[in-house]
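Results of the structural survey
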Amino acid sequence: MVEVSQLDASPEAGTPRMRRHWLSEQVFDWAGVGAVHLRAAVFFENLAVVADAYGELALPLGPPDTLIPLVAASDVARVGAGLLLDPAPAGPVCLLTGQMTTAGEAADALGVPYADLPPEEWERRAHDVYGDPYAVEHLTHLWAIFRFIGSNDHPSTASPRTSSTSADAVR
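In this text, all values refer to a predicted model and were calculated from it rather than measured experimentally.

Structural notes on the packing of helix 5 (residues 119-130) against helix 6 (residues 133-149)
Remark: helix 5 packs on helix 6, axes separated minimally by 9 Å, with the N-to-C direction vectors making an angle of 140°. Compared by their axis directions, helix 5 and helix 6 come out oblique. The handedness of the crossing between helix 5 and helix 6 comes out as right-handed. Of the residues in helix 6, those in contact with Trp122, Glu123, Ala126, His127 and Tyr130 of helix 5 are Pro133, Val136, Leu139, Thr140 and Trp143. Looking at the contact of helix 5 with helix 6 residue by residue, the class counts come to seven nonpolar, two polar and one charged.

What follows is the structure, encoded as structure tokens:
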């Protein structure tokens, strides 16, 4: 069994949704069903939703050189299917960190400008775009984390099983 989770699922994670994903991992582990927890970075498609809604990548991330780990949903699906089809046992956690991309590069890949929004404006707009208060809560906390981290040099540990770049995800 493969369960898609959050990259930083842990009891101390930075968003309530990440903590809930960690709890769901624990339930699967306690059930003894042999689950592999596929911990994925931010789905590139989350950014595409915003770009499609507003014609710009309007997020509260700070400057356009703010780094975001992005992964395409197709890569997550391919890795999940590969794990299910591979007869070799997999470890309990598989990290899909994808590609470290700046907010500006992600906007360029989507063919729209990047706009840094004040967090309050992002949250107001996000309710209209996502229509899901839990998604808005999660993404609001997540964007605040990336805004805080900024553009420092962070090592990327992209999984060898992922290959899509931001540009590939929009094709």
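Considerations on helix 6
Because each turn of an α-helix spans 3.6 residues, side chains separated by three or four positions in sequence point in the same direction. For helix 6, with 17 residues, the first-to-last C-alpha span of 24 Å sits near the 24 Å given by 1.5 Å per residue. For helix 6, every residue scored as buried is listed here: Ala135, Val136, His138, Leu139, Thr140, Leu142, Trp143 and Phe146. The opening residue of helix 6, the one whose side-chain oxygen lies 3.0 Å from the backbone nitrogen of tyrosine 134, is aspartate 132. One or two steps after helix 6, the chain reaches glycine 150, where phi turns positive at roughly 75°.

Structural notes on a nonpolar patch on the surface
On the surface, Leu23, Val27 and Trp30 cluster together to form a nonpolar patch covering roughly 350 Å² of accessible area. Note that tryptophan 30 resides in helix 1 (residues 16-31).

Brief notes about the environment of leucine 57
For leucine 57, the position within the fold is in strand 4 (residues 57-59). Owing to a relative accessible area of 0%, leucine 57 belongs among the buried residues under this scheme. On a C-alpha basis, the gap between leucine 57 and tyrosine 114 in space is 4.7 Å, while along the polypeptide they are 57 residues apart. Among all residues touching leucine 57, those that are not within four sequence positions of it are Leu47, Val50, Ala103, Ala106, Ala107, Leu110, Val112, Pro113, Tyr114 and Ala115.

Some thoughts on the packing of aromatic side chains
Enumeration over the complete set of coordinates arrives at three aromatic pairs. Between the aromatic rings of tryptophan 122 and tryptophan 143, the centroid separation amounts to 6.2 Å while the plane-to-plane angle is 70°, which identifies the pairing as edge-to-face. Placement of tryptophan 122 in helix 5 and of tryptophan 143 in helix 6 is noted, with a sequence separation of 21 residues between them. Exposure remark for tryptophan 122: the relative accessible area of 2% places this residue in the buried category. Here tryptophan 143 falls in the buried class, since its relative accessible area comes to 0%. Each ring, one from tryptophan 143 and one from phenylalanine 146, has its centre 6.4 Å from the other, and the planes form 40°; the classification is tilted.

Brief notes about helix 4 (residues 103-110)
For helix 4, the full list of buried residues reads Ala103, Gly104, Ala106, Ala107 and Leu110. Taken end-on, helix 4 shows its buried residues confined to a sector of 160°, consistent with a single buried face. Among the residues trailing helix 4, glycine 111 stands out with phi positive, at a value near 75°.

Here's the deal with the sheet that holds strand 1 (residues 2-6)
As summarised here, the arrangement of the three strands in space is 1-2-6, forming an open sheet in which the pairing is parallel. Each edge of the open sheet carries a strand with a single partner, namely strand 1 and strand 6 (93-96). Averaged over neighbouring strand pairs, the angle between their axes works out to 25° when direction is ignored. Here strand 1 runs beside strand 2 (residues 36-40); their pairing, made up of five bridges, is parallel. Within the sheet, the bridge partner assigned to valine 2 lies in strand 2 and is valine 36.

Brief notes about the sheet that holds strand 3 (residues 42-43)
Spatial strand order, 3-5-7: three strands in an open sheet with mixed pairing. Where the open sheet ends on each side, the last strands, each with one partner, are strand 3 and strand 7 (99-102). With two bridges connecting them, strand 3 and strand 5 (residues 67-71) associate as parallel partners. Bridging from a neighbouring strand, phenylalanine 43 pairs with valine 71 of strand 5.

What counts, and where the lines are drawn
- Residues numbered from 1 in each chain as written.
- Predicted model: local features only at pLDDT ≥ 70, side-chain atom pairs only at ≥ 80, totals over all residues.
- Heavy atoms only, no water.
- Axes fitted to C-alpha atoms, helices over the stretch in contact; angles between N-to-C directions.
- Helix = DSSP H or I, 4+ residues; strand = E, 2+ residues; numbered from the N terminus.
- Parallel < 35°, antiparallel > 145°, perpendicular 65-115°, else oblique.
- Left-handed = near helix turned anticlockwise from the far one by under 90°.
- Contact = heavy atoms within 4.5 Å.
- Nonpolar A, V, L, I, M, F, W, Y, C, P; charged D, E, K, R; others polar.
- Expected span 1.5 Å × (residues − 1).
- Buried < 20%, exposed > 50% of the residue type's maximum accessible area, 1.4 Å probe, protein only.
- Polar contact = N/O pair within 3.5 Å; in protein donor to acceptor, adjacent residues only side chain to side chain.
- Patch = residues over 30% accessible without salt bridge, like charges linked within 9 Å, V, L, I, M, F, W, Y side chains within 5 Å.
- Areas by Shrake-Rupley, 256 points an atom, 1.4 Å probe, with all protein chains shown as cover.
- Salt bridge = Lys/Arg side-chain N within 4 Å of Asp/Glu carboxyl O.
- Phe/Tyr/Trp six-rings, centres within 6.5 Å; stacked < 30°, edge-to-face > 60°.
- Arc of directions from axis to C-beta.
- Pairing = 2+ DSSP bridges.

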